[in-house]
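Residues per chain are reported as follows:
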Amino acid sequence: MDKKSQRFSGKKNENNKSRQSNFEMRPKKNGEAPKVNGGVFIYSKPLSVSELSEAINTPINAIIKYLFAQGKMVTINQVLDDDMIGELCLEFGYDFKKEKVVDATHFEELEIEDDPSKLEERSPVVTVMGHVDHGKTSIIDAIRHTNVAGKEAGGISQAIGAYQKEWKGKKVTIIDTPGHAAFTAMRARGASVTDIVVLVVAADDGVMPQTIEAIDHAKAAGSEIIVAINKMDLPGANPNRVKNELMAQEIVAEDFGGDILTVEVSAKTKQGLDDLLDAILLKAEMMELKANPNRYAIGTVLEANLDKGEGPKATLLIQNGTLNQGDHVVVGTTYGKIRRMNNELGVALKSAGPSSPVSVIGLEEVPEAGDRFMAFPSEKEAREVATARALKKKEEERAGTAALTLADLNNIVNSGKIQDFNILIKADTQGSAESLKANLEKLSNDQVRIKVLEARAGAISDSDVLLASASKAIIYGFNLRPDARVQEKAKEEHVEIRTYRIIYEILEEVEAVVKGMYQAEMVEHILGSAEVRHRYKLTDVGVVAGSYVVDGLLRVNAHARLIRDQVVVYEGKINSLARFKDRVKEVNKGYECGVTLSNYQDIKEGDIIECFEVIEKEEKNG
Ligand code: GDP
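Now for a description of the structure that goes with this document. (Residues numbered from 1 in each chain as written. Predicted model: local features only at pLDDT ≥ 70, side-chain atom pairs only at ≥ 80, totals over all residues. Heavy atoms only, no water.)

1. Digging into the site of the ligand
Turning to step 1, where the next piece is worked out: By nearness alone, 15 residues border the ligand, and Asp133, Lys136, Thr137, Ser138 and Asp233 come closest of all.
Turning to step 2, where the next piece is worked out: Between the ligand and the protein, one listed contact pairs an oxygen atom with a side-chain N or O atom of serine 138 at 2.6 Å.
Turning to step 3, where the next piece is worked out: Lysine 268 has a polar backbone atom sitting 3.3 Å from an oxygen atom of the ligand.
Turning to step 4, where the next piece is worked out: About the coverage of the ligand: the protein hides 70% of its 580 Å² of free accessible area.
Turning to step 5, where the next piece is worked out: It is helix 5 (residues 136-145) that provides the largest number of residues to the shell around the ligand, a total of three residues.
Turning to step 6, where the next piece is worked out: Class assignment for the residues of the shell around the ligand results in three nonpolar, seven polar and five charged. (Near = heavy atom within 4 Å. Polar contact = N/O pair within 3.5 Å; in protein donor to acceptor, adjacent residues only side chain to side chain. Areas by Shrake-Rupley, 256 points an atom, 1.4 Å probe, with all protein chains shown as cover. Helix = DSSP H or I, 4+ residues; strand = E, 2+ residues; numbered from the N terminus. Nonpolar A, V, L, I, M, F, W, Y, C, P; charged D, E, K, R; others polar.)

2. Overview of unusual backbone geometry
Turning to step 1, where the next piece is worked out: Of note in this structure, aspartate 133 is not a glycine but carries a positive phi near 70 degrees.
Turning to step 2, where the next piece is worked out: Take aspartate 133: it is sitting in the loop between strand 7 (125-130) and helix 5.
Turning to step 3, where the next piece is worked out: For aspartate 133, a relative accessible area of 63% gives the class exposed.
Turning to step 4, where the next piece is worked out: Its identity is not glycine, yet glutamate 288 carries a phi of approximately 50 degrees, on the positive side.
Turning to step 5, where the next piece is worked out: Looking at the element boundaries, glutamate 288 is found in the loop between helix 10 (273-287) and strand 13 (290-291). (Buried < 20%, exposed > 50% of the residue type's maximum accessible area, 1.4 Å probe, protein only.)

3. Points about the packing of helix 5 against helix 10
Turning to step 1, where the next piece is worked out: Here helix 5 crosses helix 10 at 90 degrees, and the two axes come no closer than 10 Å. With respect to their mutual orientation, helix 5 and helix 10 come out roughly perpendicular. Contacts between helix 5 and helix 10 involve Ile139, Ala142 and Ile143 on the former and, on the latter, Leu273, Leu276 and Leu277.
Turning to step 2, where the next piece is worked out: Its residues assigned to classes, the contact of helix 5 with helix 10 shows six nonpolar, no polar and no charged. (Axes fitted to C-alpha atoms, helices over the stretch in contact; angles between N-to-C directions. Parallel < 35°, antiparallel > 145°, perpendicular 65-115°, else oblique. Contact = heavy atoms within 4.5 Å.)

Take a look at the structure:
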């Protein structure tokens with residue numbers, strides 16, 4: 001039997017194996033019924049005394065008596081809190097565990113805990129990152145082509161966003177879009193696909209700004225880092241210099257006493273690529289990457305597009321379970337049946353397991369990169385879940401995605417939930433960035449842990465905003481102002497940037513959040529003003545101030561005050577604005593308009609209408 005048919009016959013058997021559904025024990029609306037399993041009491045929602053009594057097979061009286069002895073008076077129908085349930089379980093001889101209830105619509109929140117006996121080794125998923133021109137693309141291509149006997153592989157390589165490299169009887173999955181922009185954009189959408197980041201540093205160029213960015217992104221994602229020192233064929237290659245420079249970024253090579261694997265390579269001469277693959281496998285082995293092939297597939301969309309002939313086409317990275325041809329999948333908010341599935345060599349597959357990237361056809365719509373997918377045992381289930389998700393997404397879009405702001409963090413702290421407070425620091429000098437970092441980290445307490453993901457000198461960049469968005473972090477700028485483009489990006493990504501010129505004030509602000517005592521300071525922002533030139537009355541509308549905008553603009557619904565001889569005679573809102581007969585939302589400087597004020601008619605010629613908004617104060621001493 002040749003290799004190929006062997007592979008297929010092997011897969012065929014697997015095909016017939018029944019796979020476990022990810023929502024086999026789909027909780028009912030109110031959660032799974034409590035149960036005892038191997039001496040462990042498992043529950044998911046608060047229970048009354050009588051419910052607990054039944055579930056742990058203990059008389060109601062015994063429970064009431066025990067609690068009474070602790071000074072707690074309870075009745076049969078009283079609902080017990082988690083502490084009481086835990087205490088009672090231990091008292092009556094059970095261990096206990098509260099399960100999180102996730103319904104299928106929110107499948108990305110599902111935490112799969114596979115029975116260790118069902119877990120099998122899976123191959124590592126690798127992303128290549130580093131500074132521009134250091135050779136990321138060259139390394140990705142060179143690895144793809146080392147030792148590939150084209151015929152044996154059975155196809156022609158296709159660009160599907162990732163490929164699997166067979167090496168020493170194992171496989172390595174390599175994402176073939178290099179760079180941290182895609183990596184972090186995906187993470188910002190909640191998808192984390194990379195186990196290992198190969199950080200490429202050119203031996204003749206050393207650590208450069210994007211090298212540092214890549215390190216920050218990899219660390220924030222919790223990925224392991226392997227360093228590939230590339231371009232070793234060049235006469236100016238100086239790997240020791242690279243390692244020294246990396247040390248300044250807390251990336252310490254093994255031969256410098258650290259635990260980071262470094263490999264010297266040349267994508268040009270192919271020198272060292274074998275060692276790089278060995279290093280990846282070694283790291284993967286240490287990480288003990290595992291998955292359960294005998295469940296329905298779960299994973300992430302790496303890329304997607306509309307193919308003219310075949311319709312929506314997507315590359316899926318399977319992260320757990322097995323995907324079979326014919327499976328019903330929910331991808332993002334769309335649904336589909338896997339009509340055809342092939343690997344990066346265009347070879348059609350009946351079945352693909354954990355860590356495989358596959359290109360699939362059969363989806364009803366084109367999903368987005370970073371969307372999660374899950375296969376379901378029946379078409380009905382998949383359709384239901386996809387419809388519910390699409391609906392939910394529409395609602396969210398309507399509501400606007402909530403940003404994580406200082407005010408939100410403050411509320412989370414007040415609700416008593418333990419929370420990481422992620423911060424990015426950019427400052428005018430490395431010294432102040434580091435001093436700020438050290439001082440901020442000291443503010444952590446039992447409830448809130450302050451994590452400074454990055455503390456560096458230099459302007460706030462797009463990459464910082466992406467990292468903050470992916471890590472739900474706040475950016476502090478010290479003695480810096482983000483430029484308009486970065487501010488725009490921050491707005492798009494719902495990232496809060498705070499700029500200060502006094503370190504103490506940053507510390508004060510963060511401390512307030514940590515203590516749940518932060519209150520956003522509101523300030524007035526003047527939008528513009530207009531002079532009332534004449535006053536007239538319209539039936540249905542009332543008194544209209546015929547005005548001329550002398551400065552800025554007027555806006556409907558914005559705050560307004562009416563000033564007469566420097567005295568404020570009214571404060572309220574602009575009710576309506578009109579230009580000729582048309583209602584408008586805004587009127588700019590130099591134009592005439594008709595203005596009405598909410599609940600106010602006593603307008604006089606010569607009055608000044610000042611228009612303003614009240615916004616959260618962004619900075620002090622700015
Ligand atoms: P990327 O921007 O990091 O993806 O870098 P590329 O892979 O596009 O490579 C940038 C340039 O460096 C190209 O001109 C490559 O031919 C060259 N290059 C990449 N690897 C090597 C190497 O190992 N040795 C030499 N001499 N040149 C290399």
